[in-house]
Amino acid sequence: DAKTTQPPSMDCAEGRAANLPCNHSTISGNEYVYWYRQIHSQGPQYIIHGLKNNETNEMASLIITEDRKSSTLILPHATLRDTAVYYCIVRVHNAGGTSYGKLTFGQGTILTVHP
Amino acid sequence: NAGVTQTPKFRILKIGQSMTLQCAQDMNHNYMYWYRQDPGMGLKLIYYSVGAGITDKGEVPNGYNVSRSTTEDFPLRLELAAPSQTSVYFCASSYGGTGELFFGEGSRLTVL
């Protein structure tokens, strides 16, 4: 699975959009970009994933560059409850063999939302 | 629909003791996983299962054992606990081998 690079921390004002970047320059053609978050030592929570098209759900939007070497997770109206560690993970979508369930969690980005 | 349920939430063990962390899911997911997370670090895969009766090692399996006799349950057994096993343990499940995992709230284990 391709490695990812994220800034260690970011700040955002409540009500504003939070844009979290992720670099994955070695991503392969069949690898998806996944985003998870972990709020204060709770279990990680799946947010969104995508292959090459931009994706949106009720939690966030995912923007993937045309060359797929980087992506941005957008929380459109950040709230205090969005303060968490955000993980960007790259892997094949429906894995086989030794890739089963192997989500490689790095250090992530600590997002702090301020009042 | 409770999702993924882990018990106990907290446990203190003495060196050399054994225990079992319980994990149950009610989403009829065939894949289940055990991860551990050390302070300030990311998650590491201990064991996973692709269905009842089928388990396999992840990145850090030493000191642990698992079994999967039913679709719903995936217990993690710690034999001869060591201080290096002090960690937060997360159980997760998914439908198929996709990257969309559902995690439990974690079991915080301290070995003294």
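Residues numbered from 1 in each chain as written. Chains lettered and ligands numbered in written order. Predicted model: local features only at pLDDT ≥ 70, side-chain atom pairs only at ≥ 80, totals over all residues. Heavy atoms only, no water.

A tally of regular secondary structure across chain B gives 0 helices and 11 strands. Listing each helix as α and each strand as β along chain B from the N terminus yields β-β-β-β-β-β-β-β-β-β-β. On C-alpha atoms alone, chain B measures out to a radius of gyration of 13 Å, which is about the 13 Å that the 2.2 N^0.38 rule sets for 112 residues. Principal-axis analysis of the C-alpha atoms gives chain B an extent of 35 × 25 × 25 Å. The buried share of chain B, reckoned over its 112 residues, is 47%. Of the contacts formed within chain B by residues at least 6 apart in sequence, a portion of 54% connects residues at least 24 apart. Carbon and sulfur atoms make up 53% of the accessible area of chain B, which totals about 5,100 Å². Looking at chain B, you have 9 positive and 9 negative side-chain charges, and the mean spots of the two groups are 11 Å apart. (Helix = DSSP H or I, 4+ residues; strand = E, 2+ residues; numbered from the N terminus. Rg over C-alpha atoms; globule rule 2.2 N^0.38 Å. Buried < 20%, exposed > 50% of the residue type's maximum accessible area, 1.4 Å probe, protein only. Contact = heavy atoms within 4.5 Å. Areas by Shrake-Rupley, 256 points an atom, 1.4 Å probe, with all protein chains shown as cover. Lys, Arg positive; Asp, Glu negative; His and termini not counted. Charge placed at Lys NZ, Arg CZ, Asp CG, Glu CD.)

Before going further, it helps to examine the interface of chain A and chain B. Contact residues are listed per partner, giving 22 residues for chain A and 23 residues for chain B. In total, chain A and chain B occlude about 1,700 Å² of area from one another, counting both sides; carbon and sulfur atoms represent 52% of this. One can count 0 salt bridges joining chain A with chain B. Applying the counting criterion to the chain A and chain B interface returns 6 residue pairs in polar contact (both at pLDDT 80 or more). Counting only elements with at least two residues in the side of chain A that touches chain B, the list comes to strand 3 (31-38) and strand 8 (84-92) of chain A. The leading source of residues in the side of chain A that touches chain B is strand 3 of chain A, at 3 residues. Among the residues forming the side of chain A that touches chain B, the class breakdown is 9 nonpolar, 11 polar and 2 charged. (Buried area = accessible area lost by both parts, 1.4 Å probe. Salt bridge = Lys/Arg side-chain N within 4 Å of Asp/Glu carboxyl O. Polar contact = N/O pair within 3.5 Å; in protein donor to acceptor, adjacent residues only side chain to side chain. Nonpolar A, V, L, I, M, F, W, Y, C, P; charged D, E, K, R; others polar.)

Turning to the state of the cysteines, a few remarks are in order. Covalent bonding between the sulfur atoms of two cysteines is what defines a disulfide. Throughout the structure, instances matching the rule amount to 2 disulfides over all chains. The partner cysteine of C22 of chain A in its disulfide is C88 of chain A, sulfur to sulfur 2.1 Å. Residues C22 of chain A and C88 of chain A are joined through a disulfide that is left-handed, its torsion about the S-S bond being -80 degrees. With a gap of 66 residues between them, C22 of chain A in strand 2 (residues 18-23) and C88 of chain A in strand 8 connect regions that are remote in the sequence. In this pair, the class of C22 of chain A matches that of C88 of chain A, namely buried. Here C23 of chain B pairs with C91 of chain B through a disulfide, and the sulfurs are 1.8 Å apart. (Disulfide = S-S within 2.5 Å.)

Sizing a probe to match a water molecule and rolling it over the atoms shows the empty space that remains. Its boundaries defined by the atoms lining it, the largest pocket holds a volume of some 350 Å³. What lines the largest pocket is a set of 19 residues, among which Q38, V85 and Y87 of chain A together with Q37 and G40 of chain B lie closest to the centre. Taken together, the elements giving at least two residues each to the lining of the largest pocket come down to strand 8 of chain A together with strand 9 (87-94) of chain B. Classifying every residue of the lining of the largest pocket gives 9 nonpolar, 8 polar and 2 charged. (1 Å grid on protein atoms, 1.4 Å probe; cavity = no way out; pocket = protein on both sides within 12 Å on 5 of 7 lines; lining within 4 Å. Points joined across faces, edges and corners; volume = space filled by probe spheres on them.)

Now for the sheet that holds strand 7 (residues 64-66) of chain B. Residues and elements named next belong to chain B. With respect to topology, 4 strands assemble into an open sheet ordered 1-3-8-7, the strand pairing being antiparallel. Edge positions in the sheet fall to strand 1 (4-7) and strand 7, since each of these pairs with one other strand and no more. Going across the sheet, the axis of each strand differs from the next one's by a mean of 20 degrees, ignoring polarity. Judged from the 4 bridges that link them, strand 1 and strand 3 (residues 19-25) form a sheet pairing that is antiparallel. Following the sheet pairing, V4 is matched in strand 3 by Q25. (Pairing = 2+ DSSP bridges. Axes fitted to C-alpha atoms, helices over the stretch in contact; angles between N-to-C directions.)

Once that is clear, we can look at the side chain of R36 of chain B. Residues and elements named next belong to chain B. Summarising the element assignment, R36 is placed in strand 4 (residues 31-37). R36 sits in the buried class, given a relative accessible area of 11%. One polar contact links R36 to Y64, side chain to side chain, over a distance of 2.8 Å.

This model, assessed by the stated rule, comprises 3 salt bridges over all chains. R37 of chain A is paired through a salt bridge with D82 of chain A; the nearest N and O atoms lie 2.8 Å apart. Here R37 of chain A is found in strand 3, whereas its partner D82 of chain A is found in the loop between strand 7 (70-75) and strand 8, with 45 residues between them in sequence. The exposure class of D82 of chain A is buried, given its relative accessible area of 13%. The partner of R77 of chain B in a salt bridge is E79 of chain B, with the nearest N and O atoms 3.1 Å apart. On the accessibility criterion, R77 of chain B (32% relative accessible area) is partly exposed.

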